[in-house]
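Each chain is listed here by its residues.
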Amino acid sequence: MTENRPLAPLNFDNSFIRELPADPEPLNFRRQVLGACYSKVQPTPVSRPRLVAYAWEVADFLGLPPQACVTDEFAETFAGNRLAEGMDSYATCYGGHQFGNWAGQLGDGRAINLGEVVNRHGERWTLQLKGAGLTPYSRNADGLAVLRSSVREFLCSEAMFHLGIPTTRALSLVLTGDTVIRDMFYDGNPKAEPGAVVCRVAPSFTRFGNFQIFAARGDFAVLKQLVDYTIRTDFPHLGEPSPAVYLKWYEEICRRTAEMIVHWQRVGFVHGVMNTDNMSILGLTIDYGPYGWLENFDLNWTPNTTDASGRRYRFGNQPSIAFWNLGQLANALFPLLETDDIAPLQAALNVYQQAFAEGWQTMMANKLGLQQFNQETDHDLCAELLTILQSIETDMTIFFRRLALLDTHNVQAGDWQLMSPLLDAYYLPEQITPEYQARLGAWLRAYLGRLHGEGLPDGTRRQRMDAVNPKYVLRNYLAQLAIDQAEQGDFTKVDELLELLRHPYDEQPDKEGFAAKRPDWARQRAGCSMLSCSS
Ligand code: AMP
Ligand code: MG
């Protein structure tokens, strides 16, 4: 690292803007952009960049040592005040279905890509600032982001990665020194909040909506260019683009999406805004807005108050929404297949259903410490468990983590004794009625019977269960505590949570408090159980 050029190790090769059609308009004003995949745009300068946190692992795979990340140049660059050598900034054009309705052009309204780093392993990583100012796609908004939503995005992307879930990453979180006005609940109470910028990192930020916009406009030439570019760049193993390869590609997107959703359901992650513009073509979790983590298990829960009436994006609906979104992507790609026959595309879409069903079964078997999902017994076993979990307020994370402690020798135990390891998981002890105990007791006995059939030693089963049932997740109230402190200028909790969530499956005895269920004060507090799209 050269002392005065700490970002020099970043090696840029900006293929997206080199190979795809550009918007010819050089000025930055809001508009419909036709016939182009992106517009060149500079981040808006900010007054006093100040680093809040960075992820050293992300810096490392980009080629930056930790000492480069604490320099002024780093904070200035990743707040948008200057471009490092090789950066060439742009915003991309996309559309999307929002809450089930076609919304037309959306685009990077506050995201500005800085370029693509090719690292020492030959991997391509796009760097993208979120909250770096107006772009041609900003519509009626300001292009900015506030500290609270930026802390949430920064921490959650890293937490998801360490849980083993496909996701975009986060390099840095920088305060801008400027304020941003937000009406958090759209109820006529606007407030000045600290502004911040997150630098996100992913092989590509391309969304379903990047393809949809060209199909919707009948611009099949650019649609084909973008598809071919994406296949060559991010799916080279599929071979040279052709109608047959488009189908294989689409099938792979279906598989990857299924895999991602299975993971979400495994850990109780609710995305909150699964619009087609928030679906990554790589099957990555993308756009952390009003997401949340299930505390008490509830298939109907969504943290997003903007979706409170229809609950379209509730936990239990995520698998079918992903399917619906993939169907919209299929519609967009159909014109490229040069056929009137929709059957092959339909068959590829059905791969999602199949992959999700199989993935879900394997995931549930893993969560229960079973070697595999038994078609004869385990449909009932899982269905009954989910009904029980839903029936009274039961913390999902704690329940599965504690279930591993079940002693399989305990066959003679009564209901109460049998369920004793699980008692930590309940929010309202008065809900544990005799009927509930009997029902859970019966289930636990059936489960023990199933475990005996497998003959795995308890210790081995525990280890396996602990590897898929996290001890630590980014509970909504934990993120809020970090935000409260960060807004007072104290970033220690952001760092502490980042470190904690690097090892979500490990017991961390000195961090036990972070595994506790949601405290009562957080039940109805904004930011803990209720979030809006305002960010
Ligand atoms: P989201 O609901 O966050 O996925 O955003 C939907 C669209 O609105 C995307 O095109 C975003 O880039 C854009 N958008 C969201 N917030 C802002 C903002 N503060 N300024 C400009 N564009 C925004
Ligand atoms: Mg979005």
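### Observations concerning the overall build of the chain
On a plain count of helices and strands, the chain comes out with 17 helices and 11 strands. Radius of gyration (C-alpha) of the chain: 24 Å, near the 24 Å computed for a compact globule of 535 residues. Overall size of the chain, expressed as C-alpha extent along the three principal axes, is 75 × 60 × 50 Å. Here the chain, with 535 residues, has 58% of them falling under the buried criterion. Intrachain contacts of the chain at a sequence separation of at least 6 include 72% that bridge at least 24 residues. With an accessible surface of roughly 20,500 Å², the chain has 52% of that area assigned to carbon and sulfur atoms. On the chain, the mean spot of the 48 positive side-chain charges and the mean spot of the 63 negative ones are 2 Å from each other.

### Looking at the packing of helix α6 (residues 208-216) against helix α7 (residues 220-234)
In contact at an axis separation of 8 Å, α6 and α7 are set at 155° when each is read in the N-to-C sense. Taken as axis vectors, α6 and α7 run roughly antiparallel relative to one another. Note on packing geometry: the crossing formed by α6 with α7 is left-handed. Judged by residue contacts, Asn 210, Phe 211, Phe 214 and Ala 215 of α6 engage Phe 220, Val 222, Leu 223, Leu 226, Val 227 and Thr 230 from α7. Grouping the constituent residues of the contact of α6 with α7 by class yields 8 nonpolar, 2 polar and no charged.

### As for the nonpolar core
Of all hydrophobic cores here, the largest spans 172 residues; its most connected members are Phe 78, Leu 127 and Leu 403. Looking at which element gives the most residues to this core, the answer is helix α8 (residues 243-267), with 12 residues.

### What about the pattern of salt bridges?
In total, this model carries 39 salt bridges according to the counting rule given. Taking the shortest distance from any N to any O, the salt bridge between Glu 507 and Arg 401 comes out at 3.0 Å. With Glu 507 in the segment after α17 (492-500) and Arg 401 in helix α12 (residues 396-403), this pair connects stretches of sequence that are 106 residues apart. Connected through salt bridges with shared partners, the residues Asp 13, Arg 18, Glu 19, Glu 116 and Arg 124 form a single ionic network.

### As for the coordination of the magnesium ion (ligand 2)
The protein atoms that coordinate the magnesium ion (ligand 2) are Asn 278 (OD1) and Asp 287 (OD), at distances spanning 2.0 to 2.2 Å. For Asp 287, a relative accessible area of 13% corresponds to the buried category.

### Side note on α8
Between its first and last C-alpha, α8 extends 37 Å over 25 residues, near the 36 Å set by a 1.5 Å rise per residue. Gly 268 occupies a position one or two residues after α8 and carries a positive phi of about 80°.

### Focus on empty space enclosed by the protein
Following the criterion strictly, the structure yields 4 cavities of 30 Å³ or more and no others. Estimated volume of the largest cavity: approximately 160 Å³. In this structure, the largest cavity is lined by 19 residues; those nearest its centre are Phe 16, Thr 126, Ser 204, Phe 205 and Thr 206. Residues of the lining of the largest cavity, tallied by class, amount to 5 nonpolar, 9 polar and 5 charged.

### Topic: α7
End to end, α7 covers 20 Å across 15 residues, agreeing with the expected 21 Å (1.5 Å per residue, within 8%). Buried within α7 are the following residues: Val 222, Leu 223, Leu 226, Val 227, Asp 228, Tyr 229, Thr 230, Ile 231 and Asp 234. Tucked inside the fold, the buried residues of α7 contact α1 (15-19), β6 (111-118), α6, α8 and α9 (318-333).

### Points about the pairing of strand β9 (residues 191-202)
Across the 12 residues of β9, 9 count as buried, placing the element largely inside the fold. Of the strand pairs in this sheet, strand β7 (residues 124-130) and β9 are connected by 5 bridges, and their pairing is antiparallel. Looking at β9, one finds that Leu 127 is bridged to Val 201. Sheet analysis places strand β8 (residues 169-182) next to β9, joined by 10 bridges and oriented antiparallel. Along β9, the bridge assignment pairs Val 180 with Glu 193.

Basis of the calculations
Residues numbered from 1 in each chain as written. Chains lettered and ligands numbered in written order. Predicted model: local features only at pLDDT ≥ 70, side-chain atom pairs only at ≥ 80, totals over all residues. Heavy atoms only, no water. Helix = DSSP H or I, 4+ residues; strand = E, 2+ residues; numbered from the N terminus. Rg over C-alpha atoms; globule rule 2.2 N^0.38 Å. Buried < 20%, exposed > 50% of the residue type's maximum accessible area, 1.4 Å probe, protein only. Contact = heavy atoms within 4.5 Å. Areas by Shrake-Rupley, 256 points an atom, 1.4 Å probe, with all protein chains shown as cover. Lys, Arg positive; Asp, Glu negative; His and termini not counted. Charge placed at Lys NZ, Arg CZ, Asp CG, Glu CD. Axes fitted to C-alpha atoms, helices over the stretch in contact; angles between N-to-C directions. Parallel < 35°, antiparallel > 145°, perpendicular 65-115°, else oblique. Left-handed = near helix turned anticlockwise from the far one by under 90°. Nonpolar A, V, L, I, M, F, W, Y, C, P; charged D, E, K, R; others polar. Core = buried A, V, L, I, M, F, W, Y, C linked by side-chain atoms within 4.5 Å. Salt bridge = Lys/Arg side-chain N within 4 Å of Asp/Glu carboxyl O. Donors = N, O, S within 2.8 Å, 3.2 Å for Na, K, Ca; no water. Expected span 1.5 Å × (residues − 1). 1 Å grid on protein atoms, 1.4 Å probe; cavity = no way out; pocket = protein on both sides within 12 Å on 5 of 7 lines; lining within 4 Å. Points joined across faces, edges and corners; volume = space filled by probe spheres on them. Pairing = 2+ DSSP bridges.

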